[in-house]
Amino acid sequence: MNCHEAEPLLHPYIDGELDAATAVGVERHIEECGACGRYFREIEELRREIRAAGLEFSPRPALARRVAAAGRASAQSAQWWRRPFAWTAVAAALAALLVMLVLPTRGPRVGRSEQEIVDAHVRSLIGSHLLDVPSSDHHTVKPWFQGKLNFSPDVPDLAAQGFVLVGGRLDVMDGAPVAAIVYRRRDHVINVFVSPGAGADTRLSVGASQGYNLVYWNQGGLRYRTISDLNSAELRAFAELVKGH
Amino acid sequence: MLWPHLRAAYNFARWLVRNEHDAEDVVQESFVKAFQGLERFRGGDARVWLLAIVRNTAMTLLRRRRSEAAWPVDQAASEPVDLAADPETAVIESGRRRQLRAAIEHLPDEFRETLILRELEGLSYKEIAGVLNVPMGTVMSRLARARDLLMRGLAAERGAR
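A. Structural detail: unusual backbone geometry. All names here are of chain B. Even without glycine at this site, Arg-18 takes up a positive phi of about 70°. You can see Arg-18 is positioned in the loop between helix H1 (6–17) and helix H2 (20–37). Positive phi is not limited to glycine here, since Asn-133 has a value of about 60°. Along the chain, the position of Asn-133 falls in the loop between helix H7 (125–132) and helix H8 (136–159). The class of Asn-133 is exposed, set by 10 C-beta atoms lying within 10 Å.

This is the structure we're talking about:
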């Protein structure tokens, strides 16, 4: 590597943006070349000075309150407790909690399948691929799956109960295409994976894995698997709503 | 989902508009926009998404301020407040730190925003490209230019004393 090649790469090298092979090439060049070595050390020195200076501004505590108030004002119409049926969801959540306190929790299905669900959920959160069909209209999302899958998942509208439909996408699980329907509750994303090949058990089965709560059931020949970082009582209430729809 | 990024949003806004009052307005407006758009948010990186909104909001404000500044009547009121004159930063800073702050403050917008996102917020080139809505190659060249300008500005200032 010569100066002409190395110079434009010095900044990405410093920022850790180069692949290993190119980085080694740059490293070797700045050891050998006096001018590029000097330039490299100057940039490093500047970065050290910026870091040491502590130039970040912190917001006044009052700003968070002010922003929250402005957010509330703009979202007044969307306040969940003012929506019809919102209290039904709360009651369902409390009932689910009671059921869970009273009944021993059924163990989660273990193994590869559960790991696949967690992986698919995490994948949808960190990548850009949360949605293929972003829509809060269940009349848009349901038809979208038709023709892409050989089964037709139900896409209930649960906005009134505080679970907002965000959209849907195709995902792959256990090597087969599945429908992923995405809901949101507050800041929590809920993935509902629907696939054919249901077992006989139509009861809800509750589990937890790697910080996520899961609820499974079978219905109408389809297997439903839902996962979220939402607390388990609310996720169970959500599952009841989907199932009962 | 958005609250953890309040500090980053404020710091970025503050470096863009260069005074506390406007920065707070920008952050408030950006969060309201973000809350309203949350259901349309397509996943991905919430911080990048929020900072992009902050940047657009701040740029709109700066453009408005600058077109107002073309009118002599409003000039005094609409000039960006110099950080050194801001009460928050009027604490006695070491000479070198003040020089550094002023040198960054005087970088043109496109270099200043790139430098702040990289050096103060620690964003990758890809994330910066997402915030600024430019290709990664542009991020790379702007960052190099920003650092060069900064080093030259500081050397001139410090060499002159």
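B. Spatial organisation of the nonpolar core. Formed by 41 residues in total, the largest nonpolar core has its most connected members in Ala9(B), Phe12(B), Ala13(B), Val27(B), Leu50(B) and Val54(B). Every element with two or more residues in this core is listed here: helix H5 (61–74) of chain A together with H1, H2, helix H3 (46–69), helix H5 (95–105), helix H6 (109–120), H7 and H8 of chain B. Taken domain by domain, the makeup of this core includes at least three residues from each of domain 1 (1–87) and domain 2 (92–161) of chain B. Counting residues in hydrophobic clusters, the runner-up holds 37 residues, among them Ala96(A), Ile181(A), Phe193(A) and Tyr224(A).

C. Region of the structure containing the pairing of strand E2 (residues 164–173) of chain A. All names here are of chain A. Inspection of the sheet shows strand E1 (residues 133–134) paired to E2 by 2 bridges, in the antiparallel sense. When the sheet's bridge partners are listed, Pro-134 is paired in E2 with Gly-167. Sheet topology places E2 next to strand E3 (residues 176–185); 9 bridges connect them, and they run antiparallel. Within E3, the position partnered with Met-173 by the bridge is Ala-176. Hairpin connection of E2 to E3: 2 residues between the antiparallel strands, including Asp-174 at a positive phi of 50°.

D. Just the interface of chain A and chain B, in detail. Taken residue by residue, the interface counts 35 residues in chain A and 32 residues in chain B. Elements supplying a minimum of two residues to the side of chain A that touches chain B: helix H2 (10–14), helix H4 (34–53), H5, helix H7 (112–126) and E2 of chain A. Residue composition of the side of chain A that touches chain B, grouped by class: 19 nonpolar, 7 polar and 9 charged.

E. Main features of H1(B). With 12 residues, H1(B) extends 16 Å between its outermost C-alpha atoms, agreeing within 8% with the 16 Å of an ideal straight helix rising 1.5 Å per residue. Two residues or fewer after H1(B) comes Arg18(B), characterised by a positive phi angle close to 70°.

F. How the structure looks around the packing of H4(A) against H8(B). As a packed pair, H4(A) and H8(B) sit with axes 11 Å apart at the nearest point and diverge in direction by 80°. Taken as axis vectors, H4(A) and H8(B) run roughly perpendicular relative to one another. Residues Glu42(A), Ile43(A) and Leu46(A) of H4(A) pack against Arg147(B), Leu150(B) and Met151(B) of H8(B). When its residues are assigned to classes, the contact of H4(A) with H8(B) shows 4 nonpolar, no polar and 2 charged.

G. The arrangement of the pairing of strand E7 (residues 222–228) of chain A in detail. All names here are of chain A. Within E7, 5 of the 7 residues are buried, which leaves the element mostly enclosed by the surrounding structure. Relative to E7, strand E4 (residues 188–196) is paired through 7 bridges, and the arrangement is antiparallel. Directly across from Phe-193, in E7, lies its bridge partner Arg-225. Sheet analysis places strand E6 (residues 212–219) next to E7, joined by 7 bridges and oriented antiparallel. Counted as the bridge partner of Trp-217 is Tyr-224 from E7. Between the end of E6 and the start of E7, which pair antiparallel, lie 2 residues, with Gly-220 showing a positive phi angle near 55°.

H. The confidence of the model for chain B, seen in detail. All names here are of chain B. Confidence along chain B averages 84 in pLDDT terms, with 83% of residues attaining 70 or more. Taken element by element, chain B is modelled with least confidence in helix H4 (residues 75–78), mean pLDDT 38, and with most confidence in H6, mean pLDDT 97. Segment residues 72–83: pLDDT under 50, and 18 contacts once partners within four positions in sequence are set aside and those in other chains are kept.

I. Focus on the environment of Glu121(B). All names here are of chain B. Topologically, Glu-121 is positioned in the loop between H6 and H7. Classification of Glu-121 as buried rests on a count of 20 C-beta atoms within 10 Å. Sequence separation of Glu-121 and Asn-11 is 110 residues, and the distance between their C-alpha atoms is 8.6 Å. Setting aside its immediate chain neighbours within four residues, Glu-121 contacts Ala-8, Phe-12 and Ile-116.

Thresholds, definitions, all that
- Residues numbered from 1 in each chain as written.
- Chains lettered and ligands numbered in written order.
- Predicted model: local features only at pLDDT ≥ 70, side-chain atom pairs only at ≥ 80, totals over all residues.
- Helix = DSSP H or I, 4+ residues; strand = E, 2+ residues; numbered from the N terminus.
- Buried ≥ 20, exposed ≤ 12 C-beta atoms within 10 Å, placed from the backbone.
- Core = buried A, V, L, I, M, F, W, Y, C linked by C-beta atoms within 7 Å.
- Domains from an automatic or database assignment.
- Pairing = 2+ DSSP bridges.
- Contact = placed C-beta atoms within 7 Å.
- Nonpolar A, V, L, I, M, F, W, Y, C, P; charged D, E, K, R; others polar.
- Expected span 1.5 Å × (residues − 1).
- Axes fitted to C-alpha atoms, helices over the stretch in contact; angles between N-to-C directions.
- Parallel < 35°, antiparallel > 145°, perpendicular 65-115°, else oblique.
- pLDDT = per-residue confidence, 0-100.

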